[in-house]
Amino acid sequence: MAFGSHTRLDVRRAQQHSSFCSPSSAAAVLVALALVAVWMASSTLVTPADFSPFRPTTTTARPRNRMDPVTVEEDADDPPPLTLRQTETGPGGDNGSHSHSPSLETATEADPQAAQSTSNTKDTPHNKQQQQTASPTPSSYAWKLCNTEAGPDYIPCLDNLQAIRNLRTTKHYEHRERHCPQHPPTCLVPLPKGYTNPIRWPNSRDQIWYNNVPHTKLVEYKGHQNWVKVSGEYLTFPGGGTQFKHGALHYIDFIQEAKKDIAWGKQTRVVLDVGCGVASFGGYLFDRDVLTMSFAPKDEHEAQVQFALERGIPAISAVMGTKRLPFPGRVFDVVHCARCRVPWHIEGGKLLLELDRLLRPGGYFVWSATPVYQKLPEDVEIWEAMSTLTRSMCWEMVNKVKDRVNRVGIAIFRKPTDNSCYEARSAANPPICGEYDDPDAAWNISLQSCVHRLPTDPAIRGSQWPVEWPLRLEKPPYWLKNSEAGVYGKPATEDFQADYEHWKQVISNSYMNDLGIDWSAVRNVMDMKAAYGGFAAALRDLKLWVMNVIPIDSPDTLPIIYERGLFGIYHDWCESFSTYPRTYDLLHANHLFSKIKKRCKLVAVMVEVDRILRPGGRLIVRDSMETMHEVESMAKSLHWEVRKSYSQDNEGLLFVEKTMWRPNEVEAKL
């Protein structure tokens, strides 16, 4: 696979202005400047800054349809590559007398006097003047509250009622799919009445504040199945589900007993849970060192995904409808469906064929539904149709067994590892996908009624199972080739390792201590522009999870992220993300905003950041100074607290915290 390489750009220096003075005063000034330079360089704890962002040869958005090769191009908007420089201790050997702060160091020779360091408590006059001239003042933004039927739960691309009403049909759940407004909203989503800071993980898995997600439909519909209950000011989660009323852990162990090769946390690391409910299955798989991407539609089962995220469990709002799910092909170790209400057997099995696209060769589909174990006429009919369909897809049913505790049954199917079965079929139904039907095509791509051939070359992704977790996290995938350039221009495996080492250094030297983050309060994290997933990998020892987002106009590195035992999603940041408001504790944007503002208004992107982020949540921005000042100005106008701000050589780091503030004025009804 080929990735983009990059070119270094000259760092523009501030012009040296001449002045008239006597020789003696000039000498004194030079000595003073030298002493200041030595003090500044020695009193700063320097951590690595960022590799520069890369993009394909075109800057326009396009469907995620392949691993596009990216050629070297001159691009004046890309910053130079950044490296690590370690400083000495402070004057007199005292490294504790000055505040430690991350500094941004370029690969070119740095001018210590050009470095600036600011914070919300101590701004220099120079920096204040620079901020005022670089971006609009906070008063130039007139924020209003959104006026929508969804209220505090507004998801712009899922609550576009005008577009939904104009649909010709809803037969295939078109009304639950994404229908983004032509112009992204710039209003702010209100808070639920009585909203308070979420309960921390792991306690949040069992209970959340009722006022944060004040919905009771699931309590009424599913209370007897131990999904969720009301207990005073809390909503509690006994750990049950439709197919595991007596708890998810027993059910999880039962699946492994039914097929020991699943080997939770070793052979199986990344799971897709279809129709997840409140995601207790994924929540308890954390105990087995398994990461689960859970999803369910925003439908009459009110707020199920919102419950999951408030609990601290990964989930997105999505539906098996007419479009492919926003994931690359052949990346999930196991796909699970427990009474997920998806009609797998109809219309030639188009929806089940989408799961076939997502499953690794040799991966398992675990199906727990009444047709597996009940004998009602409808169930028998569905089971026979599923049996015929899975055989035609060359899936092998490796076990069918009943759980005596939960009194339900499961069927486990295995996807083939080669093409021999496809070639031996008497009828090619479903047909083999065409040569140009890329299984990695995922963004806004219609479902196809075909099965993709499996790779035969041992050097191609999907021909081998990844090494066991946790080794797969640090080991470059076997299919990365040093004959091809990686995202940052080095040979691919070297690029992978350099990215990982870089983020380990940044996080250990800077993010862990200097930003003042209470990491015990951080659970839901998003890397808004992930490359190899190095940021998420470097956080592996913390009790959190990271949603790695690959923008649709970035090199397609998402398969690498899955190969490492992490997960993520494709997304276009000119549109809203498929999640409820207030669902992330920390957003990380590495050279995202300067890139995305070329295609859409930055204010709309910041509004989406505000929608996603919980009050008390944090945003870390690493970007050009121009963009950083724009973001900082908007953050201040939103009454966010600026915790840290650093800059050097036109590169900056901004760390801000969202507050509870909401405007009083309400926008006209959307």
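Residues numbered from 1 in each chain as written. Predicted model: local features only at pLDDT ≥ 70, side-chain atom pairs only at ≥ 80, totals over all residues. Heavy atoms only, no water.

Per an unreviewed UniProt entry, the chain goes by Methyltransferase and derives from Oryza nivara. In the Sequence similarities (unreviewed entry) part of its UniProt record, the chain is described as follows: "Belongs to the methyltransferase superfamily." (UniProt positions renumbered as here; feature names shortened; annotations may be inferred.)

Participant: I'd like to hear about the state of the cysteines, residue by residue, with values.
Facilitator: For the structure on display, the rule yields 6 disulfides. Between the sulfur atoms of Cys157 and its disulfide mate Cys180 the distance is 2.0 Å. Here the S-S torsion is close to 110°, and the disulfide linking Cys157 with Cys180 is therefore right-handed. With Cys157 in the loop between α2 (125-134) and α3 (161-165) and Cys180 in the loop between α3 and β2 (207-209), the pair connects residues that are 23 residues apart, well separated along the chain. The disulfide partner of Cys394 is Cys421, and the gap between their sulfur atoms is 2.2 Å. Around the S-S axis, the bridge from Cys394 to Cys421 shows a dihedral of about -85° and counts as left-handed. Taken together, the residues span a long stretch of sequence, with Cys394 in the loop between α10 (377-392) and β10 (396-403) and Cys421 in helix α11 (residues 420-424) at a distance of 27 residues. For Cys421, a relative accessible area of 30% gives the class partly exposed. (Disulfide = S-S within 2.5 Å. Helix = DSSP H or I, 4+ residues; strand = E, 2+ residues; numbered from the N terminus. Buried < 20%, exposed > 50% of the residue type's maximum accessible area, 1.4 Å probe, protein only.)

Participant: Quick rundown of the packing of helix α17 (residues 602-612) against helix α18 (residues 625-637)? Include the residues and the values.
Facilitator: Put simply, α17 and α18 touch, their axes get as near as 11 Å, and they point 55° apart. Considered as vectors, α17 and α18 are oriented oblique to each other. The two elements α17 and α18 cross, and the hand of that crossing is right-handed. Across the interface between the two elements, Leu602, Val603 and Met606 of α17 pack against Glu630, Val631, Met634 and Ala635 of α18. (Axes fitted to C-alpha atoms, helices over the stretch in contact; angles between N-to-C directions. Parallel < 35°, antiparallel > 145°, perpendicular 65-115°, else oblique. Left-handed = near helix turned anticlockwise from the far one by under 90°. Contact = heavy atoms within 4.5 Å.)

Participant: Can you explain the sheet that holds strand β5 (residues 270-274)? Please cite residues and give values.
Facilitator: Across the sheet, 7 strands lie side by side as β7-β6-β5-β8-β9-β11-β10; this open sheet has mixed pairing. Two strands close off the open sheet at either side, each with one partner strand: β7 (315-317) and β10. When the angles between neighbouring strand axes are averaged without regard to direction, this sheet yields 20°. Pairing of β5 with strand β6 (residues 291-296) involves 5 bridges; the strand directions are parallel. The partner of Val271 across the bridge, within β6, is Thr292. Of the strands in this sheet, β5, β8 (332-338) and β9 (359-368) are in contact with helix α8 (residues 350-358), which crosses β9 at around 135°. Strand contacts of α10: β9, β10 and β11 (408-414), with the helix running at about 175° to β9, the strand carrying the most contacts. (Pairing = 2+ DSSP bridges.)

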